[in-house]
Amino acid sequence: MKKHFFTAAAFFMAAYVFAYNPPVGGQTLFNLSSPTQLASASSCAGGGIFMPGADSIAFNPALPALEQRIQLDAAFSALISTNSDDDRSFNAAFQTGILIPTKRFVASGILNGVFCKSIDLWLGNTLNFRAGLSKEVSEKLSVGANVNAGVLWGAGSDWSLGLDAGFLYRLGQLGFFRDFRIGAAALNLGKYYSGEELLPIDAEHTADDFPSLVTIRGGIGALLFETEQFKGGFSFDIATPAFQNVIFDMGLQFAFKDMLYLSVAESIDVMEIKNEHYNLMPAISLGVKFDLNARGNEYLKSRSWDSNEMLASLAWQQKYEHIQAISGGARLYLGQTDTQPPVIQLWNGAED
C-alpha cells in the first residue's frame, strides 16, 4: 500500500515539475500598476537608492522595516495595445498603498488591480491585496512577512491566498560600494490563479498557475557614488519561479539633490525569451520630490504632519511587441525623518 502511495505521489510531483507554463506576463503581474513598480527592477534589496514604500513588499516584505514616516501612495497605469488586430486596445492597472511605522514593527498594505485582455498580454481581470509586517531585528538585519489574497475574473474565475517571507541584510561599506545590501524572499507560498483563455508562454499547452507557486528571489543593491549633489546606485536580482525558470532583473538609479530621480530597469525572463514572448526595451522612470507644508493646520501640526514630502513619478515601458505601459503615481511622506540622536541627560544635569 505504501509503495503505491509513494508511486502516486512521485507521479504527482513530476507532473507539477514539468507543468510550468504560466501566461505571458504572469510572473510580473504586480509590476504593472505603478511607476515605482515598473522601473524598480523588482529589487528585493531595495534598489540602487534605498527608498522602499508600501509597494516594495511585493518583492520583499522586509524592506519597509527601517521607515520612520507614514506613507500613502496611489498610481494608475495605462496599458495601450498598438496591435491593429486587437479588439481591446486600452487596458489598465491601478494601485493604492499605506505604510505605518509603530514602536514594534512597520505595517504595510497594498491593493492593486490589473485589467488586461489584449492579444500580447492576456491576464484577465484581477484584484490583489497584500498586507505585511516588518521589523528591524538588529542594526544590519530586518525581517518581514506578508499575507496575500485576490480574485480573478474575465478569463474564467479563480481566487488566490498565500504568504511571503523575506529578510534584508545591510553590510554598509563594501570595497567602493556604499550601503551594500543583500535581500532574499520566498514569495507566493499558497494557492494562485489559473484561468481559461489566458495566453500561455508555450502555445502548445494550456496556461499553468500564475504567479508561480514558490518563487525564490535574491538580490543585491548598493550606491556606486555619492556627492552633495548627485548619487547613483544599482541593483541585481535573480528569481526562480517554481524552480523551473530564471528571471534576471537589473536596475540603475540616479538622484540629483534628493529631489530629481531617474530609474532604468531591465528584466530578462528566460522561458519567455525561449518561447519568443519578450521585448528587451528597458523601463524608464522620472520622479520629482517636493515639500508640502500645511503649517496653518492645527490638526496636522499636532501630529507633526505640517511639513511633508511628496514623490511624483512617471514611467514608460514597451511590454512585449505591442503593449505600451505608461504609469503615473504619487507617494506622500507624512512628517519629516528624525535625524537627531537622542540626548542623554545625567543626574548632575550634564548632557552627553
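Residues numbered from 1 in each chain as written. Predicted model: local features only at pLDDT ≥ 70, side-chain atom pairs only at ≥ 80, totals over all residues. Heavy atoms only, no water.

K.L.:
Which residues make up the overall build of the chain, and what values go with them?
P.N.:
Within the chain, the secondary structure is distributed over four helices and 14 strands. Burial analysis of the chain (352 residues in total) assigns 48% to the buried set. Put simply, 60% of the contacts in the chain that link residues at least 6 apart link residues at least 24 apart. Carbon and sulfur atoms form 64% of the exposed surface of the chain, whose accessible area is close to 17,500 Å². (Helix = DSSP H or I, 4+ residues; strand = E, 2+ residues; numbered from the N terminus. Buried < 20%, exposed > 50% of the residue type's maximum accessible area, 1.4 Å probe, protein only. Contact = heavy atoms within 4.5 Å. Areas by Shrake-Rupley, 256 points an atom, 1.4 Å probe, with all protein chains shown as cover.)

K.L.:
Can you lay out the packing of aromatic side chains for me, pointing to particular residues and giving the numbers?
P.N.:
Counted according to the given criterion, the structure contains nine aromatic pairs. Ring geometry for Tyr193 versus Phe210: centroids 5.6 Å apart, planes at 50°, classification tilted. Here Tyr193 is found in the loop between strand S7 (177-191) and strand S8 (215-226), whereas its partner Phe210 is found in the loop between S7 and S8, with 17 residues between them in sequence. Assigned by exposure class, Tyr193 and Phe210 land together as buried. Taken together, the ring pairs in this structure connect Phe176, Phe177, Phe180 and Phe234 into an aromatic cluster. (Phe/Tyr/Trp six-rings, centres within 6.5 Å; stacked < 30°, edge-to-face > 60°.)

K.L.:
Please provide a residue-by-residue account of the pattern of salt bridges, values included.
P.N.:
Two side chains of opposite charge can pair, provided their charged atoms sit close to one another. Inspection of every chain in the model, using the stated rule, returns 10 salt bridges. Residue Asp179 pairs with Arg181 through a salt bridge whose shortest N-O separation is 3.1 Å. Arg181 sits in the buried class, given a relative accessible area of 0%. Its salt-bridge partner being Arg217, residue Asp249 comes within 3.2 Å of it at the nearest N-O pair. Of the two residues, Asp249 sits in strand S10 (residues 247-256) while Arg217 sits in strand S8, which places them 32 residues apart along the sequence. Neither Asp249 nor Arg217 differs from the other in exposure class; each is buried. (Salt bridge = Lys/Arg side-chain N within 4 Å of Asp/Glu carboxyl O.)

K.L.:
Explain the side chain of Gln71 residue by residue, including any values.
P.N.:
Tracing the backbone shows Gln71 in strand S1 (residues 70-81). Dropping the residues within four chain positions of it, Gln71 is found in contact with Pro52, Gly53, Ala54, Gly97, Ile98, Leu99, Arg331, Leu332 and Tyr333.

K.L.:
Can you explain a nonpolar patch on the surface? Please cite residues and give values.
P.N.:
On the surface, a cluster of nonpolar side chains totalling about 810 Å² of accessible area is made up of Phe176, Leu224, Phe225, Phe230, Leu252, Phe254, Leu262, Ile284 and Leu286. Of all the secondary structure elements, the ones that give two or more residues to the nonpolar patch are S8, S10 and strand S12 (283-293). With respect to the element layout, Phe225 can be found in strand S8. We classify Phe225 as partly exposed; its relative accessible area is 36%. (Patch = residues over 30% accessible without salt bridge, like charges linked within 9 Å, V, L, I, M, F, W, Y side chains within 5 Å.)

K.L.:
Give me the nonpolar core: which residues, what numbers.
P.N.:
In terms of nonpolar packing, the biggest core is built from 28 residues, with Leu29, Leu32, Leu79, Val114, Leu121, Leu123 and Phe210 touching the most fellow members. When contributions to this core are tallied by element, the ones reaching two or more residues are strand S3 (106-117) and strand S14 (323-334). Sequence-distant contacts of Phe210, defined by excluding residues within four places in its chain, comprise Pro22, Pro23, Gly26, Leu29, Leu123, Tyr192, Tyr193 and Leu198. Ile49, Ala255, Leu311 and Tyr333 belong to the second-largest nonpolar core, a separate cluster that totals six residues. (Core = buried A, V, L, I, M, F, W, Y, C linked by side-chain atoms within 4.5 Å.)

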